[in-house]
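Fold and geometry: a report
The residues making up each chain are set out below.
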Protein chains: 4
Amino acid sequence: MNCVEIKVRGYHLDLYGHVNNARYLEFLEEARWAAFEDRFDLKEWQQRGLSFFVVNINISYRRPATLGEILEIRTKLSHIGNKSGVLRQEIVLKGTDTAVTDADVTFVIADARTGKAIPLEGTLRSEFEAFL
Amino acid sequence: MNCVEIKVRGYHLDLYGHVNNARYLEFLEEARWAAFEDRFDLKEWQQRGLSFFVVNINISYRRPATLGEILEIRTKLSHIGNKSGVLRQEIVLKGTDTAVTDADVTFVIADARTGKAIPLEGTLRSEFEAFL
Amino acid sequence: MNCVEIKVRGYHLDLYGHVNNARYLEFLEEARWAAFEDRFDLKEWQQRGLSFFVVNINISYRRPATLGEILEIRTKLSHIGNKSGVLRQEIVLKGTDTAVTDADVTFVIADARTGKAIPLEGTLRSEFEAFL
Amino acid sequence: MNCVEIKVRGYHLDLYGHVNNARYLEFLEEARWAAFEDRFDLKEWQQRGLSFFVVNINISYRRPATLGEILEIRTKLSHIGNKSGVLRQEIVLKGTDTAVTDADVTFVIADARTGKAIPLEGTLRSEFEAFL
C-alpha cells in the first residue's frame with residue numbers, strides 16, 4: 001500500500017465549501033503517480049512505449065472534506081487479471097479511519113504503437129503483484 | 001433527455017493529448033446544471049435549503065477525445081428510488097453514436113439544515129420523472 | 001473583437017463562493033481559442049509547426065463573480081510588435097459594462113523546431129491586425 | 001521567504017506537454033496558503049471576519065515545465081502599503097536558479113461584513129513585515 005497526504009485548500013472547494021467531486025480524481029491521480037514512481041521503472045515504460053490508461057472509475061463520496069483538513073490517500077492493487085487490473089484507493093481523514101471517498105480504478109497498460117492493452121505478465125505483473 | 005455541447009480545448013488535455021479523466025467530471029457537472037436549470041425551480045430549492053449531492057459516480061472511459069473535437073453530453077434520469085436517483089450521462093462525438101465516456105451518477109437531495117437525504121416525493125419527484 | 005459567454009457554475013467557485021482566480025485563466029484561454037479559430041487557419045499553423053505561447057499575463061480582479069451569473073469575455077488585439085503582441089481581454093457581466101476581470105496577455109508565435117519566437121510579418125501579421 | 005515543492009504530474013500538463021498557464025495560479029495559491037499558515041493566526045482572521053483577496057497578478061512564463069520536474073515555489077513580501085501589499089512568488093527548478101515562472105501578486109485584506117479593504121496596521125502589519 002502506498003500513502004500520500006494532501007491538505008485541503010480554498011481552491012479545492014466548491015459552492016458548498018466542500019472539495020469538489022472532480023478534484024478528488026486529481027487527488028487519486030496524484031496518489032497513483034506517487035505510488036507508481038516508487039515501484040515501477042517508469043523510464044523503461046516510456047522506452048517500451050507503455051502507457052497506463054484508466055478505463056473505469058467507480059467512486060463513492062462518503063463525507064465532505066473541508067478547508068484545512070488533511071487527507072490521506074491509500075492506494076493498493078485489489079485485483080490483477082490477464083489484461084486489466086483494479087486499484088483500490090481510499091481517502092480518509094489523516095490519522096483516522098473516517099472515510100471521505102473511495103474508488104475502484106480499473107486500468108490497462110497499453111502499447112502506444114497499437115493502442116491495445118498488453119497482457120499483464122512477466123516483470124510487469126510481478127511489479128504490480130508487489131502491491132497486493 | 002438534455003443535451004450540451006463542449007469543444008475540446010488545449011487546456012482540457014493531459015500528457016497523452018487526451019481530455020484528462022478528472023476534466024470529464026466537470027463536463028458532466030456542467031451538463032447536469034444545464035439540464036437542471038431547464039427543469040427545476042432552483043431558486044425554490046435554495047429557499048427550501050435543498051442541495052443536490054452526488055454519492056457515487058461510475059464512469060467508463062471508452063475512447064480518448066482530442067483537440068478540436070466537439071462532444072455532446074446527454075443527460076437523462078435512469079432510475080428514481082425513495083431517497084436517491086441515478087442520472088445516466090453519455091458523452092459522444094457530436095452528431096455520431098461514437099461513445100467517448102459514459103457515467104451513472106447516483107444522487108440524493110439533502111436538506112442543508114440536517115444534512116440528511118430527503119424523500120423524493122411530491123413535486124420534486126414529478127420534476128425528476130419528467131426526465132424519464 | 002470576439003465575444004464568448006460562460007455561465008458561472010458551482011464547480012467554478014471557491015471558498016468564498018466566488019469564481020476562483022485560477023479559473024479565470026481557463027475562461028480567458030477558452031475565449032482566445034474561440035477568437036482564433038474564427039480568424040486563423042489553425043491547421044496551417046500546425047503544418048508550419050507554429051505554436052501560440054503566452055509569455056505574460058497581467059490580470060486584475062475587479063468584482064467577484066458568483067453562481068449563475070453570465071460572463072461575457074471580450075478579446076481583441078491591443079498591440080502588435082515585431083516578435084510579440086498583446087491581447088486585451090475583458091470579462092464583464094453579460095449585457096452590462098460591469099467589469100469583473102481584465103487582462104493583458106502578451107504572446108509570441110514560436111517555431112516548434114527551434115522553440116524561438118518568429119517575426120510577426122506577412123499573412124500572420126495581417127490576420128492579427130484584423131483584430132485591431 | 002517560504003518555500004514549497006510540487007512535482008509535475010501528467011494532469012498538470014496541456015496540449016504541448018507543458019504545465020498549463022492556469023495551473024500555475026493554483027501552484028502559487030498553494031504556496032501562499034502554506035506560507036500563511038506558518039506565519040499568521042488564520043483562525044483569528046476567520047473570527048475577525050478577515051479575508052485575503054488578490055486584486056492583481058502579473059505573471060511571467062519564463063520556461064516550460066514538464067513531466068516529472070520538481071518545482072520550488074518561493075514566496076516573500078516585496079512591498080507593503082497602507083491598504084495593499086505585494087507578494088513576490090518565484091517558481092524555479094528545484095535546487096537551481098532556473099526560472100520557470102514568476103509573479104507579483106497584489107492583495108488586500110478585506111473585512112467580510114463591509115467587503116472593504118482594511119488598513120494594514122498593528123499586529124497584522126507586523127506579521128506581514130516578518131516576510132520582508
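In this convention, every chain numbers its residues from 1, walking through the sequence in written order. Each chain gets a letter, beginning with A, and each ligand a number, beginning with 1, in the order they are written. Totals for whole chains, interfaces and linings use every residue, but because this is a predicted model, local features are given only for residues with pLDDT of at least 70 and side-chain atom pairs only at 80 or more, for both listing and counting.

Let's talk about the relation of the copies chain D and chain B
Here the copies are matched by least squares. The fit uses the C-alpha atoms of residues with pLDDT of at least 70 in both. It takes a turn of 180° to lay chain D on chain B, together with a shift of 0.0 Å along the axis; the resulting RMSD is 0.0 Å. In short, the pair behaves as if placed about a two-fold rotation axis. Residue Asp14 of chain D of chain D places its C-alpha closer to the rotation axis than any other residue of that unit, at 2.5 Å. Residues are defined as contacting one another if the C-beta atoms placed from their backbone atoms lie within 7 Å. Most of the interface of chain D is mirrored in chain B: 100% of its interface residues are interface residues there too.

A closer look at the relation of the copies chain A and chain B
Of the transformation placing chain A onto chain B, the axial shift is 0.0 Å and the rotation is 180°, giving an RMSD of 0.0 Å. Most of the interface of chain A is mirrored in chain B, where 100% of its interface residues again form contacts.

Overview of the sheet that holds strand β4 (residues 85-93) of chain A
Here we have ten strands laid out as an open sheet, ordered β1(A)-β3(A)-β4(A)-β5(A)-β2(A)-β2(B)-β5(B)-β4(B)-β3(B)-β1(B), and antiparallel in their pairing. Unpaired on one side and paired on the other, β1 (2-7) of chain A together with β1 (2-7) of chain B mark the two borders of the sheet. This sheet shows a mean twist of 25° between the axes of neighbouring strands, independent of strand direction. Each pair of strands is called paired provided DSSP finds at least two bridges between the two strands. Each helix corresponds to a stretch of at least 4 residues labelled H or I by DSSP, and each strand to a stretch of at least 2 residues labelled E; elements are numbered beginning at the N terminus. Strand direction decides the pairing type here: strand β2 (residues 50-61) of chain A and strand β5 (residues 99-111) of chain A, joined by eleven bridges, are antiparallel. Each residue of the ladder has a partner; that of Ser51 of chain A, found in β5 of chain A, is Ala110 of chain A. Every angle, taken between N-to-C directions, lies between 0 and 180 degrees, and every axis is a line fitted to C-alpha atoms, over only the stretch in contact when it is a helix.

Some details on the environment of Asn58 of chain B
When you line up the elements, Asn58 of chain B lands in strand β2 (residues 50-61). Counting other C-beta atoms within 10 Å of its own, a residue is labelled buried from 20 upward, exposed at 12 or fewer, and partly exposed in the gap between, with every C-beta atom placed from the backbone. Among the residues examined, Asn58 of chain B registers 16 C-beta atoms within 10 Å and is labelled partly exposed. With 55 residues separating them along the chain, Asn58 of chain B and Cys3 of chain B place their C-alpha atoms 20 Å apart. With residues up to four places along the chain from it excluded, the contact list for Asn58 of chain B reads Asn58 of chain A together with Ala103 and Asp104 of chain B.

Let's talk about the confidence of the model for chain A
Per-residue pLDDT for chain A averages 92, and the proportion of residues at 70 or more is 99%. Confidence estimates for the predicted assembly give a pTM of 0.94 and an ipTM of 0.94. pLDDT expresses how confident the predictor is about each individual residue, on a scale running from 0 to 100.

Notes on the interface of chain A and chain B
Listed by partner, the interface residues are 15 residues for chain A and 15 residues for chain B. Those elements that place two or more of their residues in the side of chain A that touches chain B are α1 (21-39) and β2 of chain A. For the side of chain A that touches chain B, the element with the most residues is β2 of chain A, which contributes nine residues. Side-chain classes are defined by residue name, with Ala, Val, Leu, Ile, Met, Phe, Trp, Tyr, Cys and Pro counting as nonpolar, Asp, Glu, Lys and Arg as charged, and the others, Gly among them, as polar. Of the residues belonging to the side of chain A that touches chain B, the class tally is eight nonpolar, five polar and two charged. Alignment of β2 of chain A against β2 of chain B, held across five bridges, turns out to be antiparallel. Paired with Ser60 of chain A across the two strands is Asn56 of chain B, which belongs to β2 of chain B.

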